[in-house]
Amino acid sequence: MKNALYKTFNASNLVEIAVNCGGSKLNGTAMKLHRLSTDAAAEERGRALGETYGHYVRATSARYLRHFEALGIQSEQVRDIVESSRSALDDWAPNLAVESDAIAKAAGIAGWRVSAVGARTEVLAVTRNPGEGECSTAVLIPARGAPETIQTWDWHSELATDGLLLQLTTAAGRRVKLFTEFGTAAKIGVNDAGLGLHFNILSHQSDGGAGGVPVHAIARSILERATTIDEARHIATTATVTASTVLTVVTYSEGVADAASIEISPAGVSVVAPGADGWLLHTNHFLAPDLIGGDRYDPASTTLERFDHVDRVRADMAGLDPVARAAAFCGPDGLGAAVCVRPDPTKPVHEQWGTLLTVALDVPGFALDYREGSPEMAAAQGLKHF
């Protein structure tokens, strides 16, 4: 492990186990992943996060506020959405609100600035042009054995120069491992109860307005509290939202695997089950029949192209180890595959998207297998284990 840094905090039960785990170069930048393990409670954990990573917290917040401005979202509207979303979070998951506020205080910035990252999807939901979208996910529930999964995280490299791999223990004693940005509650992860979660953004005509519960907080709450798909769906239905997303949840218990994509929107929550062949695919458009009519994905987005690509290669991914799965995810097109999104340098920076991370869930092993960058890079360089 290169550039490792070990540090113990006496004020909390937190250990930083790695600062720089490498990075993937996209358009001249590199996303660096930082690892943390903590058994601390919400406020103490937030304080330690803010003290350790204050620079990244402040920088991420500043970048997002500039991004919102570049998209034409007025600062007053951003503040209104963020404060409304923060209030909704306080009512729905007060432990996450406490953690966010503690991060901000320790990092030396106003609480709403960290909440602006935590509610970034809720802010972006007011734009009429959702843009490219982010992420391609494929899950196989085999006849025997654990779920086989893979996902890309496609985003703006100038916003995500650094990311966090976090292991935590909840107040109830559940252990969780997740990937996220500095300021968002969770994106992709697993818990020690045999549940894992993938995350893709969606856009619906019902999106917008005052900020609801952050969709990233819903992902975190599912990882912290759910052991089954029904429990995950129930958690999602209890949150009032103003932005859309899909959480693809996988479980493995007593030798039985299961999966479902939980599509969340202000118009409702719907569940998409795997097909008869065990495959469940998702990119950035709705699949549930009762929500498709309100879909407002950008016609210029590659979401349909990426979905069709994954559909074509899915049979070739079955039964493979994660590295071979990443290669099959690309298929014969390699780096030119639709799921290997590359920034278009002819566009403004805020309109440039790239694949920053590739992740496979090891549900029975309670781990994430990952590589900064595209699945082609994962196939060529191998995957790291967290």
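Parameters at a glance
Residues numbered from 1 in each chain as written. Predicted model: local features only at pLDDT ≥ 70, side-chain atom pairs only at ≥ 80, totals over all residues. Heavy atoms only, no water. Phe/Tyr/Trp six-rings, centres within 6.5 Å; stacked < 30°, edge-to-face > 60°. Helix = DSSP H or I, 4+ residues; strand = E, 2+ residues; numbered from the N terminus. Buried < 20%, exposed > 50% of the residue type's maximum accessible area, 1.4 Å probe, protein only. Lys NZ or Arg CZ within 6 Å of the ring centre and 35° of its normal. Core = buried A, V, L, I, M, F, W, Y, C linked by side-chain atoms within 4.5 Å. Contact = heavy atoms within 4.5 Å. Pairing = 2+ DSSP bridges. Axes fitted to C-alpha atoms, helices over the stretch in contact; angles between N-to-C directions. Left-handed = near helix turned anticlockwise from the far one by under 90°. Nonpolar A, V, L, I, M, F, W, Y, C, P; charged D, E, K, R; others polar. Salt bridge = Lys/Arg side-chain N within 4 Å of Asp/Glu carboxyl O.

Colleague: I'd love a proper account of the packing of aromatic side chains, names of residues and values included.
Modeller: Evaluated as defined, the whole model comprises five aromatic pairs. Plain terms: the ring middles of Y53 and F182 are 5.0 Å apart, the flat faces sit at 50° to each other, and that makes the pair tilted. Residue Y53 is found in helix α1 (residues 42-70), and its partner F182 is found in the loop between β8 (175-180) and β9 (188-191); the two are separated by 129 residues along the sequence. Overall, Y53 belongs to the buried group, its relative accessible area being 1%. Judged by centre distance (5.2 Å) and plane angle (65°), the ring pair of W153 and F179 falls under edge-to-face. With W153 in strand β6 (residues 148-155) and F179 in strand β8, this pair connects stretches of sequence that are 26 residues apart. Exposure class is identical for W153 and F179. Each is buried. An aromatic cluster of three or more residues is present, and its members are Y53, Y56 and F182. The side chain of R120 reaches across the aromatic face of W155, ending 4.0 Å from its centre.

Colleague: Help me get a handle on the nonpolar core, residues and values and all.
Modeller: The biggest cluster of nonpolar side chains holds 88 residues, and the ones touching the most others in it are F68, W153, W155, I218 and I222. If sequence neighbours within four positions are ignored, I218 has contacts with W92, V213, A236, A239, V241, L247 and I264.

Colleague: Residue-level account of the sheet that holds β6, with values.
Modeller: If you trace the six strands from one edge of the open sheet to the other, you get β14-β5-β6-β15-β16-β17, paired in antiparallel fashion. In the strand order of this sheet, the two ends are held by β14 (279-282) and β17 (384-385), each with one partner. Both strand β5 (residues 136-140) and β6 contribute to a ladder of five bridges, which runs antiparallel. When the bridges of β6 are listed, V139 appears paired with T149.

Colleague: Run through the packing of helix α9 (residues 303-317) against helix α10 (residues 322-330), naming residues and quoting values.
Modeller: For the pair α9 and α10, interaxial distance at closest approach is 8 Å and the crossing angle is 145°. For the pair α9 and α10, the sense of crossing is right-handed. In contact with H309, V310, V313, D316 and M317 of α9, α10 contributes R325, A328, F329 and C330. Of the residues contributing to the contact of α9 with α10, the split by class is six nonpolar, one polar and two charged.

Colleague: A description of the pattern of salt bridges should follow, citing residues and the corresponding values.
Modeller: With the rule as written, the count across this model stands at 14 salt bridges. Across the pair R86 and D101 runs a salt bridge, and its minimum N-O distance is 2.3 Å. With R86 in helix α2 (residues 75-92) and D101 in helix α3 (residues 94-107), the pair connects residues that are 15 residues apart, well separated along the chain. Overall, the relative accessible area of 21% leaves R86 in the partly exposed class. The class of D101 is partly exposed, set by a relative accessible area of 29%. Among the charged side chains, a salt-bridge network with shared partners connects R45, E99, R220 and E224.

Note that all results are geometric; they support no functional claim without further evidence.
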